[in-house]
Amino acid sequence: MATPLIELREVTKRFPGVLANDRVSLSLHPGEIVALLGENGAGKSTLMNVVYGLLDADGGEILVDGSPMHIRSPRHAIDLGIGMVHQHFMLVPPLTVTENIVLGNEPTRAGAIDFRAAREAVREISRRYGLAVDPDAVVRDLPVGTQQRVEILKALYRGARVLILDEPTAVLTPQEVRELFAVVRSLVAEGLSVVFITHKLEEVMSVADRVVVMRDGRVVGETRPADTDTAGLARMMVGREVIFRVEKKPATCGDTVLEIDDLHVLDERKLEAVRGVSFSICAGEVVALAGVSGNGQTELVEALTGLRKVKSGSMRLKGTDITHAHARETIEAGLSHVPEDRHRRGLVLEFDLMENTILGDHRLKPFASHGVLDFRSIAEVTRRRIADYDVRTPSEKVKASALSGGNQQKLVLARELGRDPDLLVAAQPTRGLDVGAIEFVHNQILAERDRGKAVLLISLELEEVQTLADRILVIFEGRIVREFAAGEASDEELGYYMTGAGGDKLAETIEEVGADDGRTDG
Amino acid sequence: MAGPTVKPPRVATGALLREFMVPVVSVAIAILISSVIILLAGFDPIAAFAAMLKGSFGGGRQIGETMLRATPLMFTGLAVAYGFRAGLFNIGAEGQLFMGGLSAAFLGIALAGMPRPLNIVLMIVAGAAIGAAWAFIPALLKAKVGAHEVITTMMFTFIGRYLVSWLVTGPLRADGQIPQTERLPVESTLPRMHEVLPFLAQSRAHLGFVVGVLLALFIWWVLKYTSLGYESRAVGFNPWASETGGISVPATTIKALCISGALAGLAGVTEVMGVHLRLFDQFSAGFGFTGIAVALLAKNNPIGVIAAAILFGALSAGAGTMQLEAEVPAKVIFIIQALIIFLVAAEQLARWVIRKGGRQEVEHAG
């Protein structure tokens, strides 16, 4: 076989207390797509950060075009033809697409930036690789999928032969994911090689030529999509059998816990985002709010959890009026909230696990009395929750930022469920998590229901909605357009109502949703 | 519960040490660069620093002088540090200090003839209260309409300063040539330290130093071990998560900026009660602003503030001796101060030095 573009030999990377990469060997050949599959915290991103020169390896060697290289910095990696697109984009929002792409490598004429040449260069690359983007658009105004495209163009502009994509689909809509896959395939057709970091099995199956599976910092296996299926991949990745369908008993509906009546809520632009929503949830029931992102779900959740003012309408939790309650009052009334964005709203990343555990209860016993925190009982409760919720951490004294995404979410769940709420509001509770963690979160939500709690689930994932919900409310443009009982609607039907049930959209919708359907059976 | 690759944490002490190392290394580099500057200017750096050391720690009187100069910086350093912890930049500590000084100068006269312990307590409480009040309006503006505290506290500094200027030249002016208030009666002043610790000789160090140290310990405890401090830090790190956790961000902002103002107010109180015994236009040598540097050097750690304030106090106390004995201009200490601030701000440099030095040790720790 030809010399690999990049070859890793026994690369080892340690962090204090953690062996992030343990003698990892891997090779990448010209014109292939290698998926690096593994759970959150398996060491995938660390490994690629070593390759991209962001981290120094503690052992092993990296060969580029067959010769050993010490990649000192991202600049050096770029010079070697290695480009990386991070999960969190490194773009300057107020600048245009062209300005972002040439940043750090601007074509100049007589000492000034030659914007015309820059724009031409961007057009040229964009044409060659079929990455349509307006060179004069301001990045801030672009949808996430297009911003990602700009990141890819940036790498191509700098002459990347190898493109590392770190969880590229985490932030994309299903439509954008399909577009990204098309882009990746056309890049490979042009002779580039792509490393695709992911924990999503379906993506691996549909895009990769070769799959390298990592677990606990080690490569545990390598295969081709043709030689396996999602269940097989999941087994390699998690190290045990994963049950995709969570077992669920029928719901037993008790007293009404939450009652929302004709709720109207405005968004930041003072436009009505929630337009007259009414529904109720009873004890022992999971109600899922299904919808395409941006149809009022976020505003509804924020209004319910006391983070956003209500324009009109009313909300009652166990008979208590919480229409105009502050977040603290909703917590006191028995509401727990797993926020959509755990980094922004769920956790204080700079706080240690103990401090994060008490957030929201930090004025209450047993964590505090007379305004003084009792760290002995805080540590005790934290340790217990770490054990109960299987949070993988060296100790309760590390900062939340040191945990992987899945473990961070488990920590949030531990806190919110540990409070023993009457109502759990879970917004995108499994976003960005790997299958093992998803299974765990799903089981916790159902266990909560079986304990007689009410659950409001907000999810963009139809699979999740179908798995967990006893009742499904479809939200479109701020209104609930349809209600289904569990198992009553197919994914196609849900998708139909989620997109506003426009006549000509129907066929397209069914096709799109149908394409994703295979994943559930894996 | 823990995965197989997860080892017990060995980071805790190492991280703490490294946290502590950055300021120390920054100071060391600053002294090194200053030495070069002194050398280039044609003086002997070793003699200069020896003289400075002698002037700041060479004997009881010198140590007392260092304590004296560290005292106001401890309060303003704490003030700025507390603000930073809550995500607020109280650049107006100087104004709050002036108001604290004003309240002490006024109350001290009004309380003439009352028992000394009572006066001390009352004047301290009142000074803290007025410092807090001076920060309250900027805090309210920040919480309600989002007006940035850097602008508003600065504006209030001007108001405070010129209010004092007017009062000492007008309504509160004592008889005599110099525009200043009446001298405080002894029952309204802080005792000198040498009354208890004779070895401090006849230095002017006063009880304010002890108050400052105790307060620093108290603030450290408040930040770490109380719900109030917890909320301040939470809002400082992540206001969105705090809000979601039921913490009122506006209320916490107001509380934190007022606490910051109260601490700065105490700097003014102790300067008036312990050093000048009266109020005049120039009674503060920019302590409110130097407090920013102290907080930065201390990395907003209240215990660190004690050390940073003593360092700055020592630099200022030793400057005179340095000029006298080594003939190096006293202004050199401003260069050193500036370098320290610069290096702490450019923390990366110090980190790099530490990493180079500690590479071997790090490799063992893995």
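Computed from a prediction, not measured in an experiment: that's the story for all the values here.

Trainee: Account for the overall build of chain A, naming residues and giving values.
Mentor: When you go through chain A residue by residue, the secondary structure sums to 18 helices and 24 strands. With the principal axes as the frame, chain A shows a C-alpha extent of 70 × 55 × 50 Å. Scored against the burial criterion, the 522 residues of chain A give a buried share of 49%. Long-range pairs, those at least 24 residues apart, make up 67% of the contacts in chain A between residues at least 6 apart in sequence.

Trainee: Tell me about the overall build of chain B, residues and numbers included.
Mentor: A tally of regular secondary structure across chain B gives 14 helices and 0 strands. In sequence order, the secondary structure elements of chain B are arranged as α-α-α-α-α-α-α-α-α-α-α-α-α-α. Residues counted as buried form 52% of the 366 residues belonging to chain B. Taking the intrachain contacts of chain B between residues at least 6 apart in sequence as the baseline, contacts between residues at least 24 apart amount to 77%.

Trainee: Quick rundown of the sheet that holds strand β17 (residues 320-321) of chain A? Include the residues and the values.
Mentor: All names here are of chain A. Taking strand neighbours across the sheet as the criterion, the 4 strands line up as β14-β13-β16-β17 in an open arrangement whose pairing is antiparallel. The sheet terminates laterally at β14 (272-282) and β17, the two strands that pair on one side only. Here strand β16 (residues 312-317) pairs with β17 via 2 bridges, running antiparallel. Each residue of the ladder has a partner; that of leucine 317, found in β17, is threonine 320. Its contacts with the sheet place helix α9 (residues 297-304) against β13 (256-266), β14 and β16, and it is angled at close to 60° to β14.

Trainee: Summarise the nonpolar core; cite the residues concerned and give the values.
Mentor: Ranked by size, the top nonpolar core spans 256 residues in total, and within it Val195, Phe196 and Leu457 of chain A together with Leu78 and Val305 of chain B carry the most contacts. The contact partners of valine 195 of chain A, leaving out residues within four places of it in the chain, are Leu28, Val34, Leu36, Met48, Val162, Ile164 and Leu165 of chain A.

Trainee: So, the sheet that holds strand β10 (residues 193-198) of chain A: which residues are in play, and what are the values?
Mentor: Residue and element names in this part refer to chain A. On the basis of which strands lie adjacent, the open sheet formed by 6 strands has the order β6-β9-β10-β3-β11-β12 and mixed pairing. Both outer strands of the open sheet, β6 (82-85) and β12 (218-223), are each paired with one neighbouring strand and no more. Across the sheet, the mean angle from the axis of one strand to that of its neighbour is 20°, orientation sign disregarded. Pairing geometry for β6 and strand β9 (residues 162-166), over 4 bridges, is parallel. Within β9, the position partnered with methionine 84 by the bridge is isoleucine 164. Docked against the sheet, helix α5 (residues 144-157) engages β6 and β9, running at close to 170° with respect to β6. Across the sheet, helix α6 (residues 174-189) lies against β3 (33-38), β9 and β10, angled at about 150° from β10, the strand it touches most.

Trainee: Got a sec to walk through the domain arrangement of chain A? Specific residues and values, please.
Mentor: All names here are of chain A. Taken as a whole, chain A is organised into domain 1 (6-238) and domain 2 (256-334 + 421-520). Summarising the inter-unit geometry, the C-alpha centres of domain 1 and domain 2 are found 34 Å apart. Taken together, the 11 residues of domain 1 in the interface contact 10 residues of domain 2. Elements represented by at least two residues in the side of domain 1 that touches domain 2 include exactly α7 (201-207) and α8 (230-238). The element best represented in the side of domain 1 that touches domain 2 is α8, accounting for 3 residues. Tallied by class, the residues present in the side of domain 1 that touches domain 2 amount to 5 nonpolar, 4 polar and 2 charged.

Trainee: Give a description of the packing of helix α11 (residues 287-297) of chain B against helix α13 (residues 332-345) of chain B that names residues and reports values.
Mentor: All names here are of chain B. Two elements in contact, α11 and α13, have axes separated by 9 Å at closest approach and are oriented at 45°. On the basis of their axis angle, the class for α11 and α13 is oblique. Considering the relative orientation of α11 and α13, their crossing is left-handed. For the pair α11 and α13, contact is made by Ala293, Leu296 and Leu297 and by Gln337, Ile340, Ile341, Val344 and Ala345, respectively. Split by residue class, the contact of α11 with α13 holds 7 nonpolar, 1 polar and no charged.

Trainee: Talk me through unusual backbone geometry; I want residue IDs and the actual numbers.
Mentor: Cis geometry marks the peptide bond from lysine 365 of chain A to proline 366 of chain A; its omega dihedral reads 0°. Residue placement: proline 366 of chain A occurs in the loop between α12 (353-357) and β19 (368-369). Residues other than glycine seldom take positive phi values, yet glutamate 477 of chain A does so here, at roughly 45°. Within the secondary structure, glutamate 477 of chain A sits in the loop between β23 (471-476) and β24 (479-485). Despite not being glycine, lysine 299 of chain B shows a phi value in the positive range, around 50°. With respect to the helices and strands, the residue lysine 299 of chain B is situated in the loop between α11 and α12 (302-325).

Trainee: Tell me what's going on with helix α4 (residues 93-110) of chain B, and back it up with residues and numbers.
Mentor: Along its 18 residues, α4 of chain B runs 26 Å from first to last C-alpha, staying within 8% of the 26 Å computed at 1.5 Å per residue. In terms of burial, α4 of chain B is largely enclosed, as 15 of its 18 residues are buried.

Trainee: Lay out the environment of alanine 400 of chain A in plain terms, naming residues and giving numbers.
Mentor: Looking at the secondary structure, you find alanine 400 of chain A in the loop between α13 (375-388) and α14 (405-418). C-beta crowding within 10 Å serves as the criterion here: with 24 such atoms nearby, alanine 400 of chain A is assigned to the buried category.

Trainee: Now, about the packing of helix α7 (residues 208-225) of chain B against helix α8 (residues 227-237) of chain B: what can you tell me, with residues and values included?
Mentor: Residues and elements named next belong to chain B. For the pair α7 and α8, interaxial distance at closest approach is 5 Å and the crossing angle is 75°. Viewed along their axes, α7 and α8 adopt a mutual orientation that is roughly perpendicular. In contact with Val222, Leu223, Lys224 and Tyr225 of α7, α8 contributes Leu228, Gly229, Ser232 and Arg233. For the contact of α7 with α8, a count of residues per class yields 4 nonpolar, 2 polar and 2 charged.

Trainee: Pulling in residues and values, what's your account of the pairing of strand β22 (residues 454-459) of chain A?
Mentor: All names here are of chain A. Counting buried residues along β22, 6 of its 6 residues qualify, which places the element largely inside the surrounding structure. Going residue by residue along β22, you find Ala454, Leu456 and Ile458 tucked away on one face and Val455, Leu457 and Ser459 tucked away on the opposite face as well. Examined bridge by bridge, strand β15 (residues 285-290) and β22 share 6 bridges and lie parallel to one another. Within β22, the residue paired with glutamate 285 across the bridge is alanine 454. You can see the chain leave strand β21 (residues 423-427), run along helix α15 (residues 435-450) and come back into β22, and the turn it takes is right-handed.

Trainee: Which residues make up the pairing of β15 of chain A, and what values go with them?
Mentor: On a regular strand, each side chain points to the face opposite its neighbour's, so the side chains alternate between the two faces of the sheet. Residues and elements named next belong to chain A. Among the 6 residues that make up β15, 6 are buried, leaving the element largely enclosed by the rest of the structure. Of the two faces of β15, both are covered, the one formed by Glu285, Val287 and Leu289 as well as the one formed by Val286, Ala288 and Ala290. With 4 bridges joining them, β15 and β23 adopt parallel strand pairing. Note that in β23 the partner of alanine 290 across the bridge is valine 474.

Trainee: Please give an account of the environment of glycine 319 of chain A that cites residues and values.
Mentor: All names here are of chain A. By secondary structure assignment, the location of glycine 319 is in the loop between β16 and β17. On the basis of neighbour counts, which here come to 10 C-beta atoms within 10 Å, the residue glycine 319 falls in the exposed class. Separated by 167 residues in sequence, glycine 319 and alanine 486 place their C-alpha atoms 26 Å apart.

Trainee: Which residues make up helix α3 (residues 60-85) of chain B, and what values go with them?
Mentor: With 26 residues, α3 of chain B extends 35 Å between its outermost C-alpha atoms, agreeing within 8% with the 38 Å of an ideal straight helix rising 1.5 Å per residue. Buried residues dominate α3 of chain B, accounting for 24 of its 26 residues.

Trainee: A description of the environment of arginine 14 of chain A should follow, citing residues and the corresponding values.
Mentor: Inspection of the secondary structure assignment puts arginine 14 of chain A in strand β1 (residues 6-15). Separated by 350 residues in the primary sequence, arginine 14 of chain A and leucine 364 of chain A place their C-alpha atoms 39 Å from one another.

Trainee: Give me the confidence of the model for chain B: which residues, what numbers.
Mentor: Residues and elements named next belong to chain B. For chain B, per-residue confidence averages 88 on the pLDDT scale, and 90% of positions sit at 70 or higher. A low-confidence stretch, residues 1-12 stays under pLDDT 50, and its non-local contacts, those more than four residues away or across chains, total 30 contacts. Counted against residues more than four places away or in other chains, residues 359-366, with its pLDDT under 50, gives 5 contacts. Scored as a complex, the prediction yields pTM 0.77 and ipTM 0.84.

Calculation rules
Residues numbered from 1 in each chain as written. Chains lettered and ligands numbered in written order. Predicted model: local features only at pLDDT ≥ 70, side-chain atom pairs only at ≥ 80, totals over all residues. Helix = DSSP H or I, 4+ residues; strand = E, 2+ residues; numbered from the N terminus. Buried ≥ 20, exposed ≤ 12 C-beta atoms within 10 Å, placed from the backbone. Contact = placed C-beta atoms within 7 Å. Pairing = 2+ DSSP bridges. Axes fitted to C-alpha atoms, helices over the stretch in contact; angles between N-to-C directions. Core = buried A, V, L, I, M, F, W, Y, C linked by C-beta atoms within 7 Å. Domains from an automatic or database assignment. Nonpolar A, V, L, I, M, F, W, Y, C, P; charged D, E, K, R; others polar. Parallel < 35°, antiparallel > 145°, perpendicular 65-115°, else oblique. Left-handed = near helix turned anticlockwise from the far one by under 90°. Expected span 1.5 Å × (residues − 1). Right-handed = clockwise from strand over helix to strand, strands pointing away. pLDDT = per-residue confidence, 0-100.

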